[in-house]
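Read off the chains here:
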Amino acid sequence: MTDITIYHNPACGTSRNTLALIQNSGVEPTVILYLETPPDRDKLKDLISAMGISVRALLRKNVEPYEQLGLTEDRFTDEELIEAMLSHPILINRPIVVTPLGTRLCRPSEVVLDILPNPQKGEFIKEDGEKVVGKDGKRLI
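Residues numbered from 1 in each chain as written. Predicted model: local features only at pLDDT ≥ 70, side-chain atom pairs only at ≥ 80, totals over all residues. Heavy atoms only, no water.

Our focus in this paragraph is helix H2 (residues 41-51). Listing the buried residues of H2 in full gives Leu 44, Leu 47, Ile 48 and Met 51. Looking down the long axis of H2, one finds its buried residues gathered within 95° of arc, a one-sided arrangement. In H2, the exposed positions that point more than 90 degrees away from the buried face belong to Asp 42 and Ser 49. Where H2 is buried, its residues meet strand S1 (5-8), helix H4 (78-87), strand S3 (96-99) and strand S4 (102-105). Two or three places before Asp 42, at the start of H2, stands the capping residue Asp 40, its side-chain oxygen 3.2 Å from that residue's backbone nitrogen. (Buried < 20%, exposed > 50% of the residue type's maximum accessible area, 1.4 Å probe, protein only. Helix = DSSP H or I, 4+ residues; strand = E, 2+ residues; numbered from the N terminus. Arc of directions from axis to C-beta. Contact = heavy atoms within 4.5 Å. Polar contact = N/O pair within 3.5 Å; in protein donor to acceptor, adjacent residues only side chain to side chain.)

Moving on to the nonpolar core. Among the nonpolar cores identified, the biggest contains 21 residues, and Leu 58, Leu 71, Met 85, Leu 91 and Ile 96 are the most heavily contacted of them. Of all the secondary-structure elements, those providing two or more residues to this core are H2 and H4. Excluding anything up to four places from it in sequence, Leu 91 contacts Leu 58, Leu 59, Arg 60, Val 63, Pro 65, Tyr 66, Leu 69, Leu 71, Ala 84 and Met 85. Formed by 16 residues, the second largest nonpolar core is a distinct cluster that contains Ile 6, Leu 19, Val 111 and Leu 113. (Core = buried A, V, L, I, M, F, W, Y, C linked by side-chain atoms within 4.5 Å.)

As summarised here, the arrangement of the four strands in space is S2-S1-S3-S4, forming an open sheet in which the pairing is mixed. The two strands at the open ends of the sheet, each matched to only one other strand, are strand S2 (30-33) and S4. When strand polarity is set aside, the average angle formed by the axes of neighbouring strands in this sheet is 15°. With four bridges joining them, S1 and S2 adopt parallel strand pairing. Considered in S2, the bridge of Tyr 7 is made with Ile 32. Where helix H1 (residues 13-24) meets the sheet, its contacts fall on S1, S2 and S3, and the angle it forms with S1 comes to roughly 165°. Sheet strands in contact with H2 are S1, S3 and S4, and its direction is about 95° off that of S4. (Pairing = 2+ DSSP bridges. Axes fitted to C-alpha atoms, helices over the stretch in contact; angles between N-to-C directions.)

Scanning the entire structure with this criterion turns up nine salt bridges. A salt bridge links Glu 127 to Arg 16; the nearest nitrogen and oxygen atoms lie 2.7 Å apart. Taken together, the positions of Glu 127 in the loop between strand S5 (124-125) and strand S6 (131-133) and Arg 16 in helix H1 put the pair 111 residues apart, joining distant regions of the chain. Residue class for Glu 127 comes out partly exposed when judged on its relative accessible area of 49%. Across the pair Glu 130 and Lys 126 runs a salt bridge, and its minimum N-O distance is 3.3 Å. Overall, the relative accessible area of 32% leaves Glu 130 in the partly exposed class. Through salt bridges with shared partners, a single ionic network connects Arg 41, Lys 45, Glu 79 and Glu 83. (Salt bridge = Lys/Arg side-chain N within 4 Å of Asp/Glu carboxyl O.)

Structure follows, in C-alpha cells:
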C-alpha cells in the first residue's frame, strides 16, 4: 500500500478528478477535508516548501475573502499570507497531494500523474469529458 494524502474539497471538480486519478492507480489515499480540518501553521509551511512554490502561489484568488482582506496588494509578508490562509482555509488552493515521489498542487488534476508511484489501472475521463488516460492505462495528456 502506498502512502498518499490529498487535501481535498469535494465541492471542487479538480479535486474530485485528482482523487479519482489516485484511486485509478489502485490506491485509497488519506483524504483530508482541509476546509473542516485545515493544516496547522507548521504543516502548511512544510507543504509549501515541499511543493517548491511561493506562499502567494498557494492563495486562491477567486474566493470572497481574498479581495475583502486586500490580498490583491503586494504588501503582505509570507507570514501574513499564511495567517490569512489559516484564518480562512478557503484561501488555500487545492488539491494538494503528498506521495513518496513528491508534493504538488494538482491544478490541473493530471499533475498528480507525475507523482503517483503506481501506474493507472485503466481509462480515466475527467468530469468535463476530457480523456486523460487511455484504456491501456497510458497518459494521453
